[in-house]
There are 2 protein chains.
Amino acid sequence: MQDVARRVGVSPMTVSRALRDGTSVNAQTREAILQAVDELGYVFDATAANLRNQRTGFVAVTIPSINNANFADTVRGLSEGFREHGLQSLLGYTDYDMAQEEVLVEQLLRRRPEAIIVTGGRHTPRCRRLLESAGIPVVETWDLPAEPVGHVVGFSNAAAAGMLVDHLVETGRKRIAFIGGEEGRDSRGADRRAGFVAAMRRHGLDATRLVAAGVPPVSMIEGASATRVLLEQWPDIDAILCVSDLVAFGALTECLRLGIVMPDQIAIAGFGNYEVAEVSVPPMTTVDPFPEAIGRGSAEAVLRALGLVERSDAHTAEIVPQLLVRASTVPVARSVVPAPA
Amino acid sequence: MQDVARRVGVSPMTVSRALRDGTSVNAQTREAILQAVDELGYVFDATAANLRNQRTGFVAVTIPSINNANFADTVRGLSEGFREHGLQSLLGYTDYDMAQEEVLVEQLLRRRPEAIIVTGGRHTPRCRRLLESAGIPVVETWDLPAEPVGHVVGFSNAAAAGMLVDHLVETGRKRIAFIGGEEGRDSRGADRRAGFVAAMRRHGLDATRLVAAGVPPVSMIEGASATRVLLEQWPDIDAILCVSDLVAFGALTECLRLGIVMPDQIAIAGFGNYEVAEVSVPPMTTVDPFPEAIGRGSAEAVLRALGLVERSDAHTAEIVPQLLVRASTVPVARSVVPAPA
DNA sequence: ATGAAAGCGCTAACAT
DNA sequence: ATGTTAGCGCTTTCAT
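- Labelled according to an unreviewed UniProt entry, chain A appears under the name LacI family DNA-binding transcriptional regulator, originating from Devosia honganensis.

Here it is, written out as structure tokens:
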């Protein structure tokens, strides 16, 4: 900035002003400054500005995985909410691991974000302490924790899984299995499994047909091999509920390979309303958790907490998921019957 | 840091030392400092340290999209390469748009990354100038540009598409169509289409069966509807090459819905070796561009350029993609025949 | 092993 | 409309 100022013959302060608002700077001076910037190839140093302003302009965001359409949609919702307020997201990946989340949160906080948005409502004790004492707004998403750290934008994974069980039971299924991931990692997956078990018991059904298909995130291929195991162990099952649509698609392909007719012999349901659930043959019943709305809601919670939009006392925004019934659980003829006039 | 120092009765300098190496600080003093840090909930301010050190410890990375298994794998490879050297990736998304890439690159450079890794070898003129004059190592990936800015870790998208055409022609296909995205966005997709056209001409075949299915990234659903359009316009096609496996999977499902037998009536091939290509029924022929190797190679290029590992004069690392022949283009009986002893 | 001084590049606050 | 002063929270350098 010194160099630019010297070249134009003004003080660095004028350069600073010209580079920001541009108001209260002589139009010609400003022109000359912008030209000098271009000629010198000067690039503004946000590091120094951040230190001076005690504002970094970014919000830390932790998501379990970079390659997941659901979390990607949440991030898109976030980014859109932040854009016009000049906030950027600083993303970090936990790989579905609370220990990594703790490390990541600590690293992110050192970069002085103005708020932090985490996926899930369960953390290591130290991570929770870090969040509580961070002195910035905290938003937990994709969950509805009993004792949130700060703000919450999410839904009950257990209740959503229950919706799917209810649907399967209502359409006549009784011997329903659940394919999820190994325990101790993905707490949202664990909540879905717990919701499955609770709903099955509520209906007086056997809730012990549980398969752990691999380390979260469970893949399509793991979903397929788990289905084979499942069918060997419990050949009489009439429905499979999966922790995600990706696993469900793996199950669907395994049924295709084995010549099992869906939904007649076996119904399959997933979770997340991924694209594959819509386009697969047959299309799959699932639950849409509205990931982008979670993102938009989280951005709004942050903006409110920072006083950038009108404040509000609400600390929890529940985004109610929606059941999507498709041909993998209900015969097409039945699902396309128009409602009576 | 002042607060911690006061509490322990030392100077901030000692705190600074204790928080980093810990060497050349009395063990008891160090203990007391760490305890005070914990009690006060002090969090190190990386912003200030970055300014003073003129090192931020992060590398800027632009990828077209969060939510893409290929780029996610590249990022994983990068992160692994960086981890032990204490470098972090600062990710930005261009949404397959060169104008957005320009904005993003400028924003990222303000944060003073130590290197920048961009996806693709085509940029707006200003973006190219920004990269050239950034004064930090630049790596272009997922491409093999004729005039690279700096380092290159990638492959020829055109040549890879040619491999697929060659395979289809060798297995007897002649009336091959290509489904890609609308022009002017995804330059890697455009290169694949160009490679398709060039290879078809090389074989003396009609290279005009081209469909633009939507704005990149083209979805599975867009792949499915493009396939319907394709089959109406050119009912005689015997193969479809798609810009990605996701599009190819859409095409596959449309064929299933229409009762078209694969590969007998129509062969389908994709690009990227996404998981869906392996698990689909039938599994799909594709090309594996080894995304994680691109990430590892890019990390290595950065580390070498920064002098963190042994230097090298190589500026271009070609990661040669691999053709994966599966049942969507070749009858199973044929593909499983064991090699003669 | 520890401390004091100086400064990284920017900008709020107060002149003029 | 522009300039001067001071300082954000660290760490390198040079003492002691």
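From this point, the discussion proceeds with the structure in view.
### A word on the relation of the copies chain B and chain A
In step 1: After a rotation of 180° and a shift along the axis of 0.0 Å, chain B superposes on chain A with an RMSD of 0.1 Å. Here the symmetry operator amounts to a two-fold rotation axis. Taking the C-alpha atom as reference, chain B places B:Asn67 closest to the rotation axis, 2.0 Å from it.
In step 2: With an isologous cut-off of 70% or more, the 100% of interface residues of chain B that recur at the interface of chain A puts this contact in the isologous class.

### Quick notes on the protein's contact with DNA strand D
In step 1: What surrounds DNA strand D is a group of 23 residues, the closest being A:Thr14, A:Arg17, A:Asn26, B:Met13 and B:Ser16.
In step 2: In the model, a base oxygen of DNA strand D is placed 2.8 Å from a nitrogen or oxygen of the B:Arg52 side chain.
In step 3: Only helix 2 (12-19) and helix 4 (46-53) of chain A together with helix 2 (12-19) and helix 4 (46-53) of chain B provide two or more residues apiece to the surface near DNA strand D.
In step 4: With four residues, helix 4 of chain B is the largest single contributor of residues to the surface near DNA strand D.
In step 5: Across the surface near DNA strand D, the residue classes tally to ten nonpolar, eight polar and five charged.

### Points about the UniProt feature "domain: HTH lacI-type" (unreviewed entry) in chain A
In step 1: The sites that carry the UniProt feature "domain: HTH lacI-type" (unreviewed entry) are, in the present numbering, residues 1-53 of chain A.
In step 2: The annotated region residues 1-53 of chain A carries 70% helix and 0% strand content, and the separation between its end C-alpha atoms amounts to 17 Å.

### Comments concerning the protein's contact with DNA strand C
In step 1: Around DNA strand C, 23 residues are found, and the nearest of them are A:Ser16, A:Tyr42, B:Thr14, B:Arg17 and B:Asn26.
In step 2: Within 4 Å of the protein, the contacting atoms of DNA strand C are drawn from sugar and phosphate to the extent of 70%.
In step 3: A:Arg20 places a polar side-chain atom, nitrogen or oxygen, 3.4 Å from a phosphate oxygen of DNA strand C.
In step 4: At a separation of 2.5 Å, a phosphate oxygen of DNA strand C approaches a polar side-chain atom of A:Tyr42.
In step 5: Element by element, the count of residues in the surface near DNA strand C is highest for helix 4 of chain A, at four residues.
In step 6: Taken together, the residues that form the surface near DNA strand C break down as ten nonpolar, eight polar and five charged.

### A look at the state of the cysteines
In step 1: Enumeration according to the criterion identifies zero disulfides over all chains in this entry.
In step 2: No disulfide involves B:Cys242; its nearest neighbouring cysteine sulfur is the one of B:Cys255, lying 9.2 Å away.

### Section: the packing of helix 8 (residues 157-170) of chain A against helix 9 (residues 187-202) of chain A
All names here are of chain A.
In step 1: Taken N-terminus to C-terminus, the directions of helix 8 and helix 9 make an angle of 45°; their axes are 7 Å apart at the nearest point. With respect to helix 9, the element helix 8 is oriented oblique. In terms of crossing hand, the pair formed by helix 8 and helix 9 is right-handed. Facing helix 8, whose interface residues are Asn157, Ala158, Ala161, Gly162, Val165 and Asp166, helix 9 presents Arg188, Asp191, Arg192, Gly195, Phe196, Ala199, Met200 and Arg202.
In step 2: Taken together, the residues of the contact of helix 8 with helix 9 sort by class into six nonpolar, three polar and five charged.

### A closer look at the pairing of strand 6 (residues 176-180) of chain A
The side chains of a regular strand alternate between both faces of the sheet.
Residue and element names in this part refer to chain A.
In step 1: Taking burial as the measure, the five residues of strand 6 include five buried ones, the bulk of the element.
In step 2: Along strand 6, one buried face is formed by Ile176, Phe178 and Gly180 and the opposite face, lined by Ala177 and Ile179, is buried too.
In step 3: Pairing of strand 6 with strand 8 (residues 239-242), which is carried by four bridges, proceeds in the parallel orientation. Opposite Ala177, over in strand 8, you have Ile240 as the bridge partner.
In step 4: Considered for its hand, the β-α-β crossover made up of strand 6, helix 9 and strand 7 (residues 210-212) is right-handed.

### Overview of the sheet that holds strand 7 of chain A
All names here are of chain A.
In step 1: Spatially, four strands are ordered 7-6-8-9 in an open sheet, and the strand pairing comes out parallel. The strands lining the two open edges of the sheet, one partner per strand, are strand 7 and strand 9 (267-269). Strand-to-strand, the axes of this sheet are offset by a mean angle of 20°, without reference to chain direction.
In step 2: Relative to strand 9, strand 8 runs parallel, the two sharing three bridges. Its bridge partner lying in strand 9, Ala239 is registered against Ala267.
In step 3: Contacts from helix 11 (residues 245-258) reach strand 6, strand 8 and strand 9 within the one sheet, and its direction differs from that of strand 9 by about 160°.

Calculation notes
- Residues numbered from 1 in each chain as written.
- Chains lettered and ligands numbered in written order.
- Predicted model: local features only at pLDDT ≥ 70, side-chain atom pairs only at ≥ 80, totals over all residues.
- Heavy atoms only, no water.
- Least-squares fit on C-alpha atoms with pLDDT ≥ 70 in both.
- Contact = heavy atoms within 4.5 Å.
- Near = heavy atom within 4 Å.
- Polar contact = N/O pair within 3.5 Å; in protein donor to acceptor, adjacent residues only side chain to side chain.
- Helix = DSSP H or I, 4+ residues; strand = E, 2+ residues; numbered from the N terminus.
- Nonpolar A, V, L, I, M, F, W, Y, C, P; charged D, E, K, R; others polar.
- UniProt positions renumbered as here; feature names shortened; annotations may be inferred.
- Disulfide = S-S within 2.5 Å.
- Axes fitted to C-alpha atoms, helices over the stretch in contact; angles between N-to-C directions.
- Parallel < 35°, antiparallel > 145°, perpendicular 65-115°, else oblique.
- Left-handed = near helix turned anticlockwise from the far one by under 90°.
- Buried < 20%, exposed > 50% of the residue type's maximum accessible area, 1.4 Å probe, protein only.
- Pairing = 2+ DSSP bridges.
- Right-handed = clockwise from strand over helix to strand, strands pointing away.

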